[in-house]
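Observations on the three-dimensional arrangement
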Amino acid sequence: MTQDEQKRAAAAAAIQYVPVGSIVGVGTGSTANYFIDELAKIKHKIEGAVASSNVTAQRLKNHGIEVLDLNTVTDLPVYIDGADEITKHLHMIKGGGGALTREKIVSAVARKFICIADQSKLVDVLGAFPLPIEVIPMARSYVAREITYLGGHPALRQDFVTDNGNIILDVHGLQILNPVELETTLNQLTGVVTNGLFARKAANTLLLGTDHSVETITI
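Described in the following lines is the structure provided in the data block. Since this is a predicted model, take the numbers as computed values, not measurements.

**Section: the sheet that holds strand S5 (residues 92-93)**
Across the sheet, three strands lie side by side as S4-S5-S11; this open sheet has antiparallel pairing. At either end of the open sheet lies a strand with only one pairing partner, and these are strand S4 (85-86) and strand S11 (197-198).

**Thoughts on the sheet that holds strand S7 (residues 131-135)**
Strand order across the open sheet formed by four strands is S8-S9-S7-S10, with antiparallel pairing between neighbours. Looking along the sheet, the strands with just one partner apiece sit at the ends: strand S8 (153-156) and strand S10 (192-195). Neighbouring strand axes in the sheet, compared pairwise and without regard to direction, differ in orientation by 30° on average. Packing of helix H4 (residues 100-109) onto the sheet brings it into contact with S7, strand S9 (167-172) and S10, and relative to S10 it is tilted by some 70°. Along the sheet face, helix H6 (residues 179-187) touches S7 and S10 and points at about 165° away from the line of S10.

**Examining unusual backbone geometry**
Positive phi, close to 70°, is recorded for Leu 90, a residue that is not glycine. Overall, Leu 90 belongs to the buried group, its relative accessible area being 0%. The phi torsion at Asp 159 lies on the positive side, around 55°, for a residue other than glycine. Within the element layout of this structure, Asp 159 appears in the loop between S8 and S9.

**Regarding the pairing of strand S13 (residues 214-218)**
Bridge analysis of strand S12 (residues 205-209) against S13 gives five bridges, and the strand direction is antiparallel. Across the sheet, residue Gly 209 finds its bridge partner in S13, namely Val 214. If you look at the hairpin formed by S12 and S13, you'll find four residues sitting between the two strands.

**Some details on a nonpolar patch on the surface**
A contiguous nonpolar surface patch, about 320 Å² in accessible area, is contributed by Ile 136, Met 138 and Val 193. You can see Val 193 is positioned in strand S10. Taking relative accessible area as the criterion, Val 193 reaches 34% and is therefore assigned partly exposed.

**Structural notes on the pattern of salt bridges**
A complete count under the given rule lists eight salt bridges for this structure. The residue Arg 59 makes a salt bridge to Asp 37 at a minimum N-O spacing of 3.1 Å. Of this pair, Arg 59 sits in helix H3 (residues 54-62) while Asp 37 sits in helix H2 (residues 30-40), and the two are 22 residues apart along the sequence. Linking Lys 121 and Asp 118 is a salt bridge whose minimum nitrogen-to-oxygen distance equals 2.6 Å. Across this residue pair, the class does not change: Lys 121 and Asp 118 are buried.

Here is what the cut-offs are and how they apply
- Residues numbered from 1 in each chain as written.
- Predicted model: local features only at pLDDT ≥ 70, side-chain atom pairs only at ≥ 80, totals over all residues.
- Heavy atoms only, no water.
- Pairing = 2+ DSSP bridges.
- Helix = DSSP H or I, 4+ residues; strand = E, 2+ residues; numbered from the N terminus.
- Axes fitted to C-alpha atoms, helices over the stretch in contact; angles between N-to-C directions.
- Contact = heavy atoms within 4.5 Å.
- Buried < 20%, exposed > 50% of the residue type's maximum accessible area, 1.4 Å probe, protein only.
- Patch = residues over 30% accessible without salt bridge, like charges linked within 9 Å, V, L, I, M, F, W, Y side chains within 5 Å.
- Areas by Shrake-Rupley, 256 points an atom, 1.4 Å probe, with all protein chains shown as cover.
- Salt bridge = Lys/Arg side-chain N within 4 Å of Asp/Glu carboxyl O.

Nothing here speaks to function; it is all geometry.
Quick look at the structure:
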């Protein structure tokens, strides 16, 4: 299968994790878009969805799926989203699309996080993909300096503003051997909204599209 076919297969496999009559948390990105297309086929069986970005919300609405405010939702059984990198321990780097903060909020509320990805996203060590960090604009230089002290090489994502009105620093040159520790360290920097490491609350299950099938990895 091609990479896109692997994404589609993983997205289709995720439908089995959507309870009938439930509200579904939906991520952002190319693989999440394939999931939205699959979700549209069973939209009559769900109550609605919570979106992790404005782009996702619009795609859901275009399919006729009701988009709900997370603050009105008392139970979110599942959140389904892709990853930019993921390990066998189901630690992830996310945020290539810039929606990391809302993705992290929705995944925190959900009882289960199902990651859908093609096989190129599975890595032994995180860090080849630049780590996104959402930063309040006035803290950009300060946070960049602190990241440099930690061994990273931050670069401002040009011409990009998050849905929350903030900037993204993409951090290159990291080999992330302890993602839980680094996630905590970065989040403690004043001016950081959050970073793209999803390790303290990792995915529960990975549906990995491969050349021949969709593999299920659970921890």
